[in-house]
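Coordinate inspection notes
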Amino acid sequence: MGLRIYNGYLFFFDWPDRSGWIEEGADRKYQDRHGGYVKGELIGIDSDFYYFDMDGLLFKGEIALDGYLYSFDDQSGRMKTGWAEKGGKRYYYDELGRKIIDREYAIGGRDFLFDADGAEHTGAVTIGGKDYYFEPLRGKLKNGEKLLDGAWYYYTEDGSRLDKGWAHLDDGRICFYDGEAGMLRGEQVIDGQPYLLNISTGGRMTGTVYYDGEIYTIADDGVIGDKERTPVWDGIDVSVHQEAIDWQAVKESGVQFAIIRAGYLASEEWVTFVPDRLYVRNVLEAQKQGISVGAYIYLYAFTEDRIAEGLEAFNFLTETNRIMLDLPVFLDIEDEAYFRSGSEPLGGYEYRTDLTRFGMEYLEDLGYSAGFYTFHQWANGVFDADRLYAEGYPFWLARWYDNNEDLDPATPAWNDERQPDLWQYRATGIVPGIEKEVDMNYLYWNR
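Calculation notes
- Residues numbered from 1 in each chain as written.
- Predicted model: local features only at pLDDT ≥ 70, side-chain atom pairs only at ≥ 80, totals over all residues.
- Heavy atoms only, no water.
- 1 Å grid on protein atoms, 1.4 Å probe; cavity = no way out; pocket = protein on both sides within 12 Å on 5 of 7 lines; lining within 4 Å.
- Points joined across faces, edges and corners; volume = space filled by probe spheres on them.
- Helix = DSSP H or I, 4+ residues; strand = E, 2+ residues; numbered from the N terminus.
- Nonpolar A, V, L, I, M, F, W, Y, C, P; charged D, E, K, R; others polar.
- Expected span 1.5 Å × (residues − 1).
- Pairing = 2+ DSSP bridges.
- Axes fitted to C-alpha atoms, helices over the stretch in contact; angles between N-to-C directions.
- Polar contact = N/O pair within 3.5 Å; in protein donor to acceptor, adjacent residues only side chain to side chain.
- Contact = heavy atoms within 4.5 Å.
- Buried < 20%, exposed > 50% of the residue type's maximum accessible area, 1.4 Å probe, protein only.
- Lys, Arg positive; Asp, Glu negative; His and termini not counted.
- Salt bridge = Lys/Arg side-chain N within 4 Å of Asp/Glu carboxyl O.
- Patch = residues over 30% accessible without salt bridge, like charges linked within 9 Å, V, L, I, M, F, W, Y side chains within 5 Å.
- Areas by Shrake-Rupley, 256 points an atom, 1.4 Å probe, with all protein chains shown as cover.
- Phe/Tyr/Trp six-rings, centres within 6.5 Å; stacked < 30°, edge-to-face > 60°.
- Lys NZ or Arg CZ within 6 Å of the ring centre and 35° of its normal.

1. Comments concerning empty space enclosed by the protein
Tallied over the entire structure, the rule returns 1 cavity of 30 Å³ or more. Space inside the largest cavity adds up to approximately 100 Å³. In terms of lining, the largest cavity is formed by 13 residues, of which the most central are I199, V209, Y211, Q287 and D326. Put simply, the parts of the chain that give the lining of the largest cavity at least two residues each are strand 21 (193-197) and strand 22 (207-211). With 3 residues, the top contributor of residues to the lining of the largest cavity is strand 22. Taken together, the residues of the lining of the largest cavity sort by class into 8 nonpolar, 4 polar and 1 charged.

Okay, here's the thing in structure tokens:
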């Protein structure tokens, strides 16, 4: 080994490679090529990196080296790179194994924030006087909305929150955000000009819009030009039975409001709430066209517990799809299952009245305006609709004098002397944009 002269030439003969792992009981060491143990070094072995302490023992855990924190697997001792999870928190080690601490760092084209312990920061944070939001696994939110404490906020291209101003969203909406209030909805005055913003999605409305009993005429820039209040509106009610609906054509036909089926509350043998598969689409598309929208829930359930459970599920569906309704949610009481348990009438007249009231009160507690729907012959014969009407609950009455023609809205609909809040006056309407027959309704704003 070493330098030798042979035949007039100078040669160098290398040492034999004696490197390799040495097992000493539960400890592992690494012998270098000269036969000595590696001590106090970070070295690469077969494409992985390991650290050996001053006694030559394989290190496992976290250690500071040259001003950086490194982490080595608790089992194999391999140096960690990339994402690691510990104690329910996520950490990141760069390609050299250095732990990212107390700073923002780009990973895979996304910006992440790490706290003083190196844990991934998620949620809202203020940096340099600006507000940002970091999403788990996704990093800094950019060009997007976020629901926080009941309000929607918009985060711009650099990730900072838009405190006040208009934002053009990728889905075509133009929305206004105002400080701590977040996204504005409904009728608003912005920079001294009146606007009407979609009650569910916040999008700026244009054209003819029906909202809160008034007809709005809105310019292309969203500024309200005129509005008028009319006592009676024309409307429809629809469900999945009508299949896909062209809501623009419906709007152009003169329809001002729609009551859309959200689903039904089932009897004891079924899932509590069964949603209408077109509910969300129908609500958002109708509102996008400037049609006021309410909802109805068909009742098969006949106990307070089942009704409460079902209405909670309805509320979850509505909230998670960011729906806000212009008009009430009506309990649709027309099925005999609601009035009978087996072959016997359910509970009696007072019980059915109280059960209907319970459902509406529960909806009100969830934040909705609540009403009830039934046929004329059931309104006082099966439960006390007159009492509920007098208590102020919106009453939607089905009474078809002539199912083949549209009736004058002044025609007496209930007890020949007064009108309900809504009157479903025929079930055979033909409306452009809807292929099947549809129920036709009047809405009386004086109630």
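2. Notes on helix 3 (residues 304-320)
Spanning 17 residues, helix 3 covers 24 Å between terminal C-alpha atoms, matching the ideal 24 Å at 1.5 Å per step. Directly after helix 3, the chain includes R322, whose backbone phi takes a positive value near 50°.

3. A few points about the sheet that holds strand 22
Here 3 strands make up an open sheet; going across it, the order is 22-23-24 and the pairing antiparallel. Either end of the sheet is taken by a strand with one partner, and the two such strands are strand 22 and strand 24 (224-229). Between one strand axis and the next, the sheet turns through 20° on average, direction left out of account. Sheet topology note: the strand 22/strand 23 (residues 214-218) ladder contains 5 bridges and is antiparallel. Among the inter-strand pairings, Y211 is bridged to a residue of strand 23, identified as E214.

4. A word on the side chain of E120
Mapped onto the fold, E120 is located in the loop between strand 12 (110-114) and strand 13 (123-127). From its side chain, E120 meets the backbone nitrogen of L137 in a polar contact 3.4 Å long. Those residues within four positions of E120 in sequence are excluded, and the remaining contacts are W83, R90, F112, L113, F114, E135, P136 and L137.

5. Details of the side chain of R352
Relative to the helices and strands, R352 is located in helix 5 (residues 349-365). Buried within the structure, R352 lacks any salt-bridge partner; E350 is the closest side chain of opposite charge, at an N-O distance of 9.6 Å. At 2.8 Å, the side chain of R352 and the backbone oxygen of V382 are in polar contact.

6. Structural notes on the sheet that holds strand 14 (residues 130-135)
The 3 strands lie next to each other as 13-14-15, forming an open sheet whose pairing is antiparallel. Looking at strand neighbours, the two that pair on one side only are strand 13 and strand 15 (139-140), the edges of this open sheet. Here strand 13 pairs with strand 14 via 5 bridges, running antiparallel. Considered in strand 14, the bridge of V125 is made with Y132.

7. Details of the pairing of strand 23
Most of strand 23 is tucked away: 4 of the 5 residues are buried. In textbook terms, the turn of a hairpin is the stretch between consecutive antiparallel strands, and for strand 22 and strand 23 this stretch comprises 2 residues, one of which, D212, has a positive phi near 50°. Taking the residues that link successive antiparallel strands as the turn, the strand 23-strand 24 hairpin has 5 residues, and the phi of G222 there is positive, at about 90°.

8. A closer look at the pattern of salt bridges
Taken as a whole and assessed by the stated rule, the structure comprises 27 salt bridges. Between D171 and R173 there is a salt bridge, with the nearest N and O atoms lying 2.8 Å from each other. The residue D421 makes a salt bridge to R447 at a minimum N-O spacing of 2.9 Å. Of this pair, D421 sits in the loop between strand 33 (395-398) and strand 34 (422-429) while R447 sits in the segment after strand 35 (438-444), and the two are 26 residues apart along the sequence. A relative accessible area of 6% means that D421 is categorised as buried. Salt bridges linked by common partners bring D131, R161, D163 and E180 together as one network.

9. Quick look at the environment of L355
Inspection of the secondary structure puts L355 in helix 5. According to the relative accessible area criterion, L355 is buried, its value standing at 2%. For the pair L355 and T303, spaced 52 residues apart in sequence, the C-alpha separation works out to 7.4 Å.

10. Comments concerning a nonpolar patch on the surface
A surface patch of nonpolar side chains, amounting to about 720 Å² of accessible area, comprises M1, L3, I5, L10, F12 and W15. Of all elements in the fold, only strand 1 (2-6) and strand 2 (9-13) reach the threshold of two or more residues within the nonpolar patch. Mapped onto the elements, I5 comes out in strand 1. For I5, a relative accessible area of 70% gives the class exposed.

11. Concerning the packing of aromatic side chains
In this structure the tally under the stated criterion is 40 aromatic pairs. Ring geometry for W233 against W445: centres 5.1 Å apart, planes inclined by 80°, an arrangement best described as edge-to-face. Within this pair, whereas W233 is found in strand 25 (residues 232-238), its partner W445 is found in the segment after strand 35, the two being separated by 212 residues in sequence. Exposure remark for W233: the relative accessible area of 0% places this residue in the buried category. These aromatic residues form a ring-pair network of at least three members: Y296, F330, Y373, F375, W396 and W400. The ring of Y68 carries the charged tip of R98 above its face, separated from the ring centre by 4.8 Å.

12. Some points on unusual backbone geometry
Positive phi is not limited to glycine here, since D191 has a value of about 50°. Assignment of secondary structure puts D191 in the loop between strand 20 (186-190) and strand 21. Given a relative accessible area of 70%, D191 falls into the exposed group.

13. A closer look at helix 2 (residues 279-288)
Within helix 2, burial applies to Y279, V280, N282, V283, A286 and Q287. Against strand 25, helix 1 (247-252), strand 26 (257-265), strand 28 (292-299) and helix 3 lie the buried residues of helix 2.

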